[in-house]
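Descriptive analysis of the structure
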Amino acid sequence: MKVEVDLKKCQDHGQCVYAAPDLFALDDEGRLSLRSQATDVYVADVDEASAEALYEAAEVCPLQAITVHE
């Protein structure tokens, strides 16, 4: 499965970090750490074992910036 994070929509609320701390983190400035790897859209493969946490992160994102692709 893949995760897609629209970094233009994301406003670093951090709800994804609470829902899926093994997948998402904030940097020292309080910004989503994925920003260091992409500017507009971050796409990555995610292990099936993390599926439940990933879906939870997508659901709790207040701006719906996270999309899960199976």
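Read on for an overview of the structure. What you are looking at is a predicted structure, and each value in this text was computed from that prediction instead of being measured.

**Things to note about the overall build of the protein chain**
Secondary structure summary: the protein chain contains 2 helices and 3 strands in total. When the helices and strands of the protein chain are placed in sequence order, the string is β-α-β-α-β. Whereas a compact globule of 70 residues would reach a radius of gyration of roughly 11 Å, the protein chain reaches 11 Å, a difference of no more than 12%. With 70 residues in all, the protein chain has 37% of them scored as buried.

**Some words on the sheet that holds strand β3 (residues 66-69)**
Judged by pairing direction, the sheet is antiparallel, and its 3 strands sit side by side in the order β2-β1-β3 without closing on themselves. Here the strands that pair on one side only, and so sit at the sheet edges, are β2 (41-45) and β3. Between one strand axis and the next, the sheet turns through 15° on average, direction left out of account. Sheet analysis places strand β1 (residues 2-6) next to β2, joined by 5 bridges and oriented antiparallel. Bridge pairing in β2 places valine 3 opposite alanine 44. Helix α2 (residues 51-60) rests against β1 and β3 of the sheet, and its axis sits at about 145° to β3.

**Quick notes on the state of the cysteines**
Linking two cysteines covalently through their sulfur atoms gives a disulfide. A complete count under the given rule lists 0 disulfides for this structure. Unpaired in terms of disulfides, cysteine 16 finds its nearest cysteine sulfur in cysteine 10, a separation of 6.3 Å. On the basis of relative accessible area, cysteine 16 is assigned to the buried category, the value being 10%.

**Here we look at the nonpolar core**
Ranked by size, the top nonpolar core spans 23 residues in total, and within it Val3, Val5, Phe24, Leu32 and Ile66 carry the most contacts. For this core, the elements supplying multiple residues, two or more each, are β1, α1 (15-19), β2, α2 and β3. The greatest single-element share of this core, amounting to 4 residues, is contributed by α2. Ignoring sequence-local partners within four residues, the contact set of phenylalanine 24 consists of Val3, Val5, Cys16, Val17, Leu32, Leu34, Leu54, Ala57 and Ile66.

**Digging into the pattern of salt bridges**
Counted by the stated rule, this structure contains 4 salt bridges. A salt bridge links aspartate 12 to arginine 35; the nearest nitrogen and oxygen atoms lie 3.2 Å apart. In this pair, aspartate 12 sits in the loop between β1 and α1 while arginine 35 sits in the loop between α1 and β2, placing the two residues 23 residues apart along the sequence. One salt-bridge network, in which partners are shared between bridges, spans Asp12, Arg31 and Arg35.

Quick notes on the rules
- Residues numbered from 1 in each chain as written.
- Predicted model: local features only at pLDDT ≥ 70, side-chain atom pairs only at ≥ 80, totals over all residues.
- Heavy atoms only, no water.
- Helix = DSSP H or I, 4+ residues; strand = E, 2+ residues; numbered from the N terminus.
- Rg over C-alpha atoms; globule rule 2.2 N^0.38 Å.
- Buried < 20%, exposed > 50% of the residue type's maximum accessible area, 1.4 Å probe, protein only.
- Pairing = 2+ DSSP bridges.
- Axes fitted to C-alpha atoms, helices over the stretch in contact; angles between N-to-C directions.
- Contact = heavy atoms within 4.5 Å.
- Disulfide = S-S within 2.5 Å.
- Core = buried A, V, L, I, M, F, W, Y, C linked by side-chain atoms within 4.5 Å.
- Salt bridge = Lys/Arg side-chain N within 4 Å of Asp/Glu carboxyl O.

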